[in-house]
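So the chains spell out like this:
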Amino acid sequence: MNTVDEILDYAIDQEQLAADFYEDVAQRVETAGMKKILLDFSAEEKRHKKILLAVKTGEHELTPEQEILDLKISDYLVEVNVSDNITYQDALIIAMQRERAAYNLYSDMAKKVPESKLKYILIGLAKEEAKHKLFFEAEYDERVLTDN
Amino acid sequence: MSLKDLLSPFFVWQRAFEKPYTTLRPTLDRPGAPAYRGFHINITETCVGCGSCQTICQNNAIDMVAVDSYAGRDGDSGLRPRFDYGRCCWCGLCVDICTAASLRMSNEYAWISDDPDSFHFTAGVDDKPWQDNELGYRRAEGYHLNPPKRIEMPMLAAEESLKSFAEVTLGYNEEQAKNEADRCVECGICVATCPAHMDVPDYIHSIRDGDYEKGLQLMYRTNPFPATCGRICTRRCESVCPVGILGEPVAIRWLKRFIVDQVDKKDYKRILEKPIENTDFKVAIIGAGPGGLSAAYYLRQQGHAVTVYEAQETGGGMLRYGVPSYRLPDAELDKDIDHITSIGVDIKYNSRIGKDIMFESLLEDYDAVFLSTGLSVPSSMRINGENHSRVLSGLQILADVASDRDPGIGKKVAVIGGGNVAMDAARVSRRLGAEVTILYRRRISDMPADEEEIHESQEEGCTIVSQAIPVEIIDAENMQQVSIKWGEAKMVDDPKGGRARPVLQEDKIHTETFDCIISAIGQSSNLDYLSKEVQEQLAIEWGKFTPGEYQHTSMQKLFVGGDFANRTADAISAIEDGHHAARGINRFLNPDFYTQLEKQDN
């Protein structure tokens, strides 16, 4: 991926893949409550996709200079595998870790390119993933770590 | 007649042509003294409408009236004092008793009007020129007509309390209870805030009257767990007690306990018995915790046959298996539960739904079902090494101790978490002879545990390390021990304006070794006894129910309540959920009766 459009297309596809991933897991899980949560996650990924589509058309600007709080919650949690009976806690950990992986991908790519519009876009995409990770980490902080 | 008397009329005429000595309306130019007791001022934002001014007024010159802008505020009656200056004698007692120090007097004293009704006014609400007067009578600093300090609850000293699981609080004697009851201004603001809307001022009044049987009856109208709540209630009532604005709130919880302690269990039947007219309806309740048993009590009072299914061998739920006996002795919990069973509630112990009996069969066989199985599954830390054999669950430790089993914690323990389960696990560990360190992710001020629990855990020698984030569990050199890596956290503001969040500082990691690590970071529900098909029909989000009116679910016969159906997760909320569900089940079983009742009311 060498151009801005190529990287944006890649990022847009990734958001759709993430949305599809959550919908697939939602089909597998047994409880209606868990299904709903996963479908909400899917909807969140579709929202991210819409933002990136708007970036591509110039209707929305990425904000690479913005500082995004990193709660680092997901950094020290164990990897969770998808199963038919994942818990709410598991679902949030999966979501946090996916966002962290996406953030790392764009950050690493940004480090490898010289100063350019492409670098600017990659950093901007990394910041978007950081925002998504913060969303899930804040949910985890509120819903799971109630007593800690 | 003397010569002077004869000539005096002529001297009067002399005065007729002189300038008069009197001045018109002299008082308007003469301000009242700086501490003059003039017309009333009320700082209505500070006032909570407790009505103590109305109560103390010797001339019935004050009425509490509703003011729309204060309606519905938590900790506020929505009323403000209205003065009748036809009756007021400006003694200032209302200012002296004011619990919020919002009431004061201006140094203004002249008010001329030809409308007699204008001399009734609501201070601070009706626009008056003296409302912002700086001068006038104010209550002296530190002067209280009502004692600001509560009667201290006698307690076991920390060193003594650690020797056993004996109850730490010793209870008021009669003199202490009456003195504390006297501090209550009977405003009733606490009633609205209490989740169960207990008749607090009335039962406190019964202490003043020495009528404890009446006090017990009053409590049972809204709460079948007074012995329990008199010991461990979260006491939201006290947080809005107006006496607590300038002093310490009335010790409502301890007064509740005092009443229960005066009445022998064997007299409960005589004092509380009401005739029960049996109906043909049968209700099943799942869970013999405070929610389930509260529903059972009020449903049985309506005459329905009530059967409670409980998985454990005794009732009480978290009250039995989560709250240690030094806070809530078994005998007190049993006092509450035994009265509930004495009115005909049948509890089937060791009956696990989904194993011993199926949920669907209860729906089939009963006219209504109430679910209240709480939050019994401990959340896991999900950090590497958590499956180490020396990492134990706080809930399991408490259940073991409640069942007289040795939890095997060793002598040096770390407790992870800052809620009541963490505090209970820590204090239980101290009583088992362990040295305890509590590691909590945020600041002490953020801890969700009761402040009293936090304080007492420290008094009992627990060390709290705040802003400590667990990172990894690893083997210790000694196989009987375990090590934990934890990092220091810095608190950062939430960009969305929520509470501050802890962020790990990766260059500040510590490793410590313990005999065991007790995890108490939160709990969730176990709804495995509900089939997928049943769960599909219910509004369950994040493992919690969101019931509708009267705790009713979308399934016709099913009602839910307790920790997995409310946001507060305390005993009193579960008790009220149970009572509210009982009202809902009655309406569900007798719809015609309630429709007629509503028609009559309208």
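Relevant structure appears above.
None of these values were measured; they are calculated from a predicted model.

A. Summary view of the sheet that holds strand S7 (residues 305-309) of chain B. All names here are of chain B. An order of S8-S7-S6-S9-S22 is seen for the five strands of this open sheet, with the pairing classed as parallel. Since the sheet does not close on itself, it has two edges, and those belong to strand S8 (346-348) and strand S22 (558-560), each with one partner. The mean angle between the axes of side-by-side strands here comes to 20 degrees, regardless of whether they run parallel or antiparallel. Where strand S6 (residues 282-286) lies against strand S9 (residues 368-371), four bridges are found, and the strand directions are parallel. Following the sheet pairing, Val-283 is matched in S9 by Ala-368. Its contacts with the sheet place helix H14 (residues 290-301) against S6, S7, S8 and S9, and it is angled at close to 170 degrees to S7.

B. Seen up close, the layout of surface pockets. Residue and element names in this part refer to chain A. Here the second largest pocket defines a volume of roughly 460 Å³. Of all the secondary structure elements, the ones that give two or more residues to the lining of the second largest pocket are helix H2 (32-56) and helix H4 (117-143). By residue number, the principal contributor to the lining of the second largest pocket is H4, which donates seven residues. Among the residues making up the lining of the second largest pocket, the classes are represented as seven nonpolar, four polar and nine charged.

C. Layout of the packing of helix H3 (residues 88-112) of chain A against H4(A). Residue and element names in this part refer to chain A. Relative orientation of the contacting elements H3 and H4 amounts to 165 degrees, with a least axis distance of 8 Å. With respect to H4, the element H3 is oriented roughly antiparallel. For the pair H3 and H4, the sense of crossing is left-handed. Grouping the constituent residues of the contact of H3 with H4 by class yields 16 nonpolar, three polar and eight charged.

D. Region of interest: the interface of chain B and chain A. With 37 residues of chain B at the contact, the number on the chain A side is 36 residues. Summed over both sides, the interface between chain B and chain A buries roughly 3000 Å², with carbon and sulfur atoms accounting for 54% of that surface. Of all residues in chain B, Arg382(B), Arg501(B) and Trp542(B) bury the most surface against chain A, accounting for 30% of the area lost on that side. Applying the counting rule to chain B against chain A returns six salt bridges. The closest approach of N and O atoms between Arg441(B) and Asp141(A), which form a salt bridge, is 2.7 Å. Applying the counting criterion to the chain B and chain A interface returns 14 residue pairs in polar contact (both at pLDDT 80 or more). Counting residues per element, the ones that place at least two in the side of chain B that touches chain A are strand S15 (468-475), strand S17 (501-514), helix H21 (532-537) and strand S20 (540-541) of chain B.

E. Local environment of a negative patch on the surface. A surface patch of negative charge is lined by Asp126(B), Asp127(B), Asp132(B) and Glu134(B). Within the secondary structure, Asp126(B) sits in the loop between strand S5 (120-122) and helix H4 (158-161).

F. Molecular detail of a nonpolar patch on the surface. Among the surface-exposed residues, Met1(B), Leu3(B), Leu6(B), Leu7(B), Phe10(B) and Phe11(B) lie close enough to one another that they form a single nonpolar patch of about 740 Å² accessible area. If you trace the backbone, Leu7(B) turns up in helix H1 (residues 3-15).

Rules used throughout
- Position labels on residues start from 1 in each chain and follow its written sequence.
- Note on labels: chains are lettered from A, ligands numbered from 1, in written order.
- Since the coordinates come from a predicted model, pLDDT governs what is reported: local features require at least 70, and pairs of side-chain atoms require 80 or more to be given and counted, while whole-chain, interface and lining totals use all residues.
- Processing note: side-chain calculations cover all non-hydrogen atoms of the structure and skip hydrogens and water entirely.
- At least two DSSP bridges between two strands are required for those strands to pair.
- Each helix corresponds to a stretch of at least 4 residues labelled H or I by DSSP, and each strand to a stretch of at least 2 residues labelled E; elements are numbered beginning at the N terminus.
- The convention used is that axes are lines fitted to C-alpha atoms, helices contributing only their stretch in contact, and that angles between N-to-C directions extend from 0 to 180 degrees.
- Contacts are assigned to residue pairs with any non-hydrogen atoms lying within 4.5 Å of each other.
- Points on a 1 Å grid, built from protein atoms alone, make a cavity when a 1.4 Å probe fits but cannot get out and make a pocket when they are open with protein on both sides within 12 Å along at least 5 of 7 lines; residues with an atom within 4 Å of a point are the lining residues.
- Grid points are joined across faces, edges and corners, and a volume is the space filled by probe spheres set on the points.
- Each residue is assigned to one class: nonpolar for Ala, Val, Leu, Ile, Met, Phe, Trp, Tyr, Cys and Pro, charged for Asp, Glu, Lys and Arg, and polar for all the others, Gly among them.
- Orientation labels follow simple angle bins: below 35 degrees gives roughly parallel, above 145 gives roughly antiparallel, 65 to 115 gives roughly perpendicular, and whatever is left gives oblique.
- The handedness criterion is simple: a crossing whose near helix is rotated anticlockwise from the far helix by less than a right angle is left-handed, and one whose near helix is rotated clockwise is right-handed.
- Summed over both partners, the accessible surface that disappears when two parts come together, traced with a 1.4 Å probe, is what is meant by buried area.
- One side-chain nitrogen of Lys or Arg within 4 Å of one carboxyl oxygen of Asp or Glu is enough to make a salt bridge.
- Whenever two N or O atoms come within 3.5 Å, that pair is a polar contact, provided that in protein one can donate a hydrogen and the other can accept it, and provided that, for residues adjacent in sequence, both atoms are side-chain atoms.
- Exposure above 30% relative accessible area and the absence of a salt bridge qualify a residue for a patch, where like charges join within 9 Å and nonpolar side chains (Val, Leu, Ile, Met, Phe, Trp, Tyr) within 5 Å.
- Computed with a 1.4 Å probe, the accessible areas rest on the Shrake-Rupley method; for each residue, only the protein chains presented here act as cover.
- Residues scored as charged are limited to Lys and Arg (positive) and Asp and Glu (negative), so that His and the chain ends carry no count.
- Charged groups are reduced to one reference atom each: NZ for lysine, CZ for arginine, CG for aspartic acid, CD for glutamic acid.

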